[in-house]
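Structure at a glance
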Amino acid sequence: MATRASAISKSHPQPSADETTLAKLGYKQEFRREFTPLEVAGLAFSFIGVVPSATSVLFYAIPNGGPFAMVWGWAFACPFIMCIGLAMAELASAAPTSGGLYYWTYSLASPRCRNFLSWIVGYSNTIQIITGIASVNWACTIQIIAAIGIASSDQPYNTTNRQLYGIYAALALSQAVIVSFGTKVLARLQRLYTLMNASLCLIIIIALPIATPPDYRNSANSALGEFINLTSWPSGFAFILSLMAPLYTIGGFDASVHMSEEASNAATAIPWAIVSSIAISAVLGWGINVSLAFCMGTDLDSILSSPIGQPMAQILYNSLGQKSALALWCLIISVEYMVASNCLLVGSRQTFAFSRDGAIPFSRYLYRINRYTGTPVNTVWFDTICSLVIGLLTFISTEAINAVFSIAVTASYIAYMTPITTRFAFKNNFKPGPFHLGKLSLPVAVIAVVWMVFMIIVFLFPPNPQPTTQEMNYTVVVLGGFMFLAISWYYCPVYGGVHWFEGPISNFTPAIGGENRDEDLMSEKEQRDADIYVSAVDV
């Protein structure tokens, strides 16, 4: 009997705390938990990618306040961003699952509307991440063109839309190959990604002021106290529009949430990854903006209209010279590529989770784990194809493809604020996890939601009060189109989600839908597995 019990124990080891928590949420363990808490935090930080992300959206801050908006806009926005992160961290600690946002929404909302709200949040989150992949790869494409511009010594390098899309597609396809690797490889890569991101931040903060010639150095008054408005909006509203830069840069901090089922000690590691990534990015990002403000000179028009085609590249060129600027710019491109790879990694896990619950077309093909890599390869390539389709906007206009930057923010805020709101707006049995704010939960959530609603409205405005067709903000068109399709698919007669979508589907034990979970479910399953094993041995 003792020998048999020992054999049972070895063949059926006790589930870890993470597996037990996941089972209580209704899901079986399907991924390998290879991400350590530090690697999860590193993923969250490198997903933000402070320097390359800030580089991508510098054109939002410079015309809407200049150095003043870069420095003080960042400082103004970060506390509100932290409130969003803290509110989400509480939810992530209570229910660490890859589905994250739409799972929380379903479990906290009223039975009358939870199916619809979960559907909307799931699709908003999916759209956010896929457009995030597209926006980062588009930014990387522009940065590669800027590198050519730096190398060609101020001679403009003209590219066709086909060439731009070719570079964009090559980036996306190569990243899909990398992200198809096993979890262990992807986890170890986060160490390299984190090191390069942190190093790049310190180089900009320390080396740029040292190397900048006197002609391009600004006084404290010019860098920190002079508001320069190059738009037709009133200065106050222009400053608000400049906040797109920090909000896009320190965005997507739900990245670690979607890696919950591959992280060890997820209930603690995931919330701290969210909070720490925001805090570190806020401090480093502010330092970078201060450094740029003192080293960019006063001719903002020449920076924006640079033949290189990228404001940050022109600033580095002025300060470092051609060779050093090109070397640093290549490092920025490399880190941007890593950010895009992590976007695809995180997006594939969100798509996997949503297809696990049957909400996405072709879910039966997407909800699969590759037997060789142990990862959802199908969803990696599905997200890649979707981002390639979005990239076709480059053939419409530059403004249309640039809309993916603001879509990534607005769609994410729709997905973020819904579960935060449902936690307090509906009667539910929310039980905090190891990370919780206590009495501060409600005021932090209120600040976060009000801020997100306000900024969603702001980001639908064009860059000028009387825009031409080319200057229009196409966010409302593209995001509205995506959401229209999602809602139409839900209410489609006969085949729509309203007829069959029941929210998250348990593939382990009944865990959702208002049912009281039996604390002994895991032990019962273990005993049942043991009985099956004993029977097999006896036979």
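Analysis parameters
- Residues numbered from 1 in each chain as written.
- Predicted model: local features only at pLDDT ≥ 70, side-chain atom pairs only at ≥ 80, totals over all residues.
- Heavy atoms only, no water.
- Helix = DSSP H or I, 4+ residues; strand = E, 2+ residues; numbered from the N terminus.
- Buried < 20%, exposed > 50% of the residue type's maximum accessible area, 1.4 Å probe, protein only.
- Contact = heavy atoms within 4.5 Å.
- Phe/Tyr/Trp six-rings, centres within 6.5 Å; stacked < 30°, edge-to-face > 60°.
- pLDDT = per-residue confidence, 0-100.
- Axes fitted to C-alpha atoms, helices over the stretch in contact; angles between N-to-C directions.
- Left-handed = near helix turned anticlockwise from the far one by under 90°.

What to know about unusual backbone geometry
Of note, N265 is a non-glycine position whose phi angle comes to about 55°, a positive value. Examined against the element boundaries, N265 turns out to sit in the loop between α13 (244-249) and α14 (266-295). Note on N265: relative accessible area 42%, which makes it partly exposed. Its identity as a non-glycine residue notwithstanding, F362 has a phi of 70°, on the positive side. Here F362 lies in the loop between α17 (322-356) and α18 (363-366).

A short note on the environment of N221
In this fold, N221 is placed in helix α11 (residues 220-224). Note: C-alpha distance between N221 and F68 (153 residues apart in sequence) is 9.4 Å.

Concerning helix α12 (residues 235-242)
Among the residues of α12, F237, A238, F239, L241 and S242 are the ones counted as buried. Buried positions along α12 lie against α5 (58-61), β1 (64-65), α6 (66-94), β2 (228-229), α13 and α21 (441-458).

Points about the packing of aromatic side chains
All chains considered together, the criterion is met by 29 aromatic pairs. Ring centres of F116 and Y491 lie 5.7 Å apart, and the angle between their planes is 40°; on these two criteria the pair is classed as tilted. Taken together, the residues span a long stretch of sequence, with F116 in helix α8 (residues 114-151) and Y491 in helix α22 (residues 475-491) at a distance of 375 residues. For F116, a relative accessible area of 25% gives the class partly exposed. What links up through ring pairs into an aromatic cluster is the set Y102, F116, W119, Y123, F354, W489, Y490, Y491, W500 and F501.

Notes on the confidence of the model for the chain
The predicted model of the chain has a mean per-residue pLDDT of 84, with 90% of residues at 70 or higher. This model gives residues 1-12 a pLDDT under 50, and the stretch forms nine contacts once residues within four places in sequence are excluded. Within the model, pLDDT remains below 50 along residues 510-539, and this stretch shows 40 contacts once partners closer than five positions in the same chain are excluded.

Overview of the packing of α8 against α22
Interhelical geometry of α8 versus α22 gives an angle of 145° and a closest axis separation of 10 Å. Relative to α22, the crossing made by α8 is right-handed. Two secondary-structure elements touch here, α8 through N115, F116, W119, I120, Y123, S124, I127 and T131 and α22 through L479, F482, M483, A486, I487, W489, Y490 and Y491.

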